[in-house]
Amino acid sequence: MEKKPITIIGMPMDLGQGRRGVDMGPSAIRYASAQALLQKLGYEVEDLGDLHVPSPESKSAGDPKLKYLNEIRDVCEKLAETVSGVIARDRFPLVLGGDHSMAIGTIAGAAAQYENMGVIWYDAHGDLNTGETSPSGNIHGMSLAVSLGIGHPDLVNIGGFAPKVRPEHTVIIGARELDPGERDLIGQLGIKVFTMHEIDRLGMARVMEEAIGIVSNGTDGVHLSLDLDGLDPKDAPGVGTPVPGGVTYRESHLAMEMLAEAGIVTSAEFVEVNPILDRENQTAKVAVALMGSVFGQKVL
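Nothing here was measured: the structure is a model prediction, and the numbers come from that model. (Residues numbered from 1 in each chain as written. Predicted model: local features only at pLDDT ≥ 70, side-chain atom pairs only at ≥ 80, totals over all residues. Heavy atoms only, no water.)

1. Concerning the UniProt feature "binding site: Mn(2+)" (unreviewed entry) in the protein chain
Next, step 1: According to UniProt, the "binding site: Mn(2+)" (unreviewed entry) feature falls on His100, Asp123, His125, Asp127, Asp227 and Asp229. In three dimensions, the annotated residues from a span of 130 residues occupy one location, with a maximal C-alpha spread of 12.2 Å.
Next, step 2: Secondary-structure assignment places His125 in the loop between strand 4 (117-122) and helix 5 (143-147).
Next, step 3: Under the relative-accessibility criterion, His125 is labelled buried at 12%.
Next, step 4: Setting aside its immediate chain neighbours within four residues, His125 contacts Ile172, Glu177, Leu178, Asp229, Thr241 and Val243. (UniProt positions renumbered as here; feature names shortened; annotations may be inferred. Helix = DSSP H or I, 4+ residues; strand = E, 2+ residues; numbered from the N terminus. Buried < 20%, exposed > 50% of the residue type's maximum accessible area, 1.4 Å probe, protein only. Contact = heavy atoms within 4.5 Å.)

This is how it looks when you write it as structure tokens:
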């Protein structure tokens, strides 16, 4: 991967899900020495600090099917502007989170700078719900659907255009917990999903070869959205919605190393780190280690 200068953006978002603590994710990742590692790898790094996100206690959740809709819309608009501006300066935006609803803003900002952007969604969940299908009303479970142009207009039209990405340029890796509405949408749109069944059966190397082929076919940029709950809870315990039987630490490194070798990733976010639920900052340390692999760190 070209050593493009990196801009870190903190997104202490905890409006999109029901468990507190994920707003401290950016601080935990910084504490795990993210910037120092990237600089050691030869990158010039700037940190813009954290964007302002109102606390859930200071606002009304509003519609129970779309909790904190207005607040999430406003914050994601700001994040989209920030990410777009970073790319316009020929820098790599690296966003630290925060719950996965923030991807609505990250992807909107990146897609504003690319004609046809691919997305790798590394996650135990599909995040393909809408207000009508979501069991919880938490918007962090709707962010990929929104990016595909499906969902509430206030979210879908962030940045002034929709959709941000196309189904044929989107790959989900590590899925093992999908709601009925998400399964239906995957079938309707033909999104390529590598569940844990495919990872176990094919191996991570084959999965990543196929995924890289899909997201780089006809695209001019690729966004990596990595939810730490994609990993097995034994390796990443500090997440809000852990699901047993996930991707291993070593498989995840291989996936990131293969992305680095392919040189296709143009923006990235690491989300859902919750220090309150963590053990000795283990999950943030895992996030930073995987960042190292994305940006070219090797054993030899």
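2. Focus on the sheet that holds strand 5 (residues 170-175)
Next, step 1: The strand order 2-1-3-8-7-4-5-6 describes an open sheet built from eight strands, whose pairing is parallel. Bordering the open sheet on either side are strand 2 (45-50) and strand 6 (192-195), each of which pairs with just one other strand. Within this sheet the neighbouring strands show an average axis-to-axis angle of 15°, counted without direction.
Next, step 2: As paired strands, strand 7 (residues 221-227) and strand 8 (residues 265-271) are joined by six bridges and run parallel to one another. Paired with Ser225 across the bridge in strand 8 is Glu269.
Next, step 3: Sheet contacts for helix 11 (residues 282-294): strand 3 (92-97), strand 7 and strand 8; angle to strand 8, the most-contacted strand, approximately 175°. (Pairing = 2+ DSSP bridges. Axes fitted to C-alpha atoms, helices over the stretch in contact; angles between N-to-C directions.)

3. Some details on the packing of aromatic side chains
Next, step 1: On inspection of all chains with the given rule, the structure shows two aromatic pairs.
Next, step 2: Taking the centre distance of 5.3 Å and the plane angle of 75° together, the rings of Tyr43 and Phe295 count as edge-to-face. Here Tyr43 is found in the loop between helix 2 (34-40) and strand 2, whereas its partner Phe295 is found in the segment after helix 11, with 252 residues between them in sequence. Like Tyr43, the residue Phe295 is buried in the burial classification.
Next, step 3: Considering the side-chain rings of Phe92 and Phe295, the 5.0 Å spacing of their centres and the 75° angle between planes classify their relative orientation as edge-to-face. (Phe/Tyr/Trp six-rings, centres within 6.5 Å; stacked < 30°, edge-to-face > 60°.)

4. Concerning helix 10 (residues 249-262)
Next, step 1: Here helix 10 spans 20 Å end to end across 14 residues, near enough to the 20 Å set by a 1.5 Å rise per residue.
Next, step 2: By the burial criterion, the buried members of helix 10 are Ser252, His253, Ala255, Met256, Glu257, Met258, Leu259 and Ala260.
Next, step 3: The inward-facing, buried residues of helix 10 contact strand 4, helix 9 (204-215), strand 7, strand 8 and helix 11.
Next, step 4: Backbone geometry just after helix 10 places Gly263 at a positive phi near 65°. (Expected span 1.5 Å × (residues − 1).)

5. Details of the nonpolar core
Next, step 1: Core analysis: the biggest nonpolar cluster contains 52 residues, and Leu94, Ile173, Leu224, Leu228 and Phe270 have the highest contact counts within it.
Next, step 2: Looking at this core, the element that brings in the most residues is helix 11, giving seven residues.
Next, step 3: With 48 residues, the next largest nonpolar core counts Leu15, Ala103, Ala110 and Met117 among its residues. (Core = buried A, V, L, I, M, F, W, Y, C linked by side-chain atoms within 4.5 Å.)

6. Considering the pattern of salt bridges
Next, step 1: Applying the stated criterion to the full structure yields 14 salt bridges.
Next, step 2: Between Glu57 and Arg20 there is a salt bridge, with its nearest N and O atoms 2.3 Å apart. Of this pair, Glu57 sits in the loop between strand 2 and helix 3 (69-88) while Arg20 sits in the loop between strand 1 (6-11) and helix 1 (25-31), placing them 37 residues apart in sequence.
Next, step 3: The exposure class assigned to Glu57 is exposed, which follows from its relative accessible area of 59%.
Next, step 4: Looking at Arg20, the relative accessible area reads 35%, which means it is partly exposed.
Next, step 5: Taking the shortest distance from any N to any O, the salt bridge between Asp50 and Arg30 comes out at 2.7 Å. In this pair, Asp50 sits in strand 2 while Arg30 sits in helix 1, placing the two residues 20 residues apart along the sequence.
Next, step 6: Accessibility expressed as a relative area gives 25% for Arg30, which makes it partly exposed.
Next, step 7: When salt bridges that share partners are traced, they join Asp14, Arg20, Asp23 and Glu57 into one network. (Salt bridge = Lys/Arg side-chain N within 4 Å of Asp/Glu carboxyl O.)

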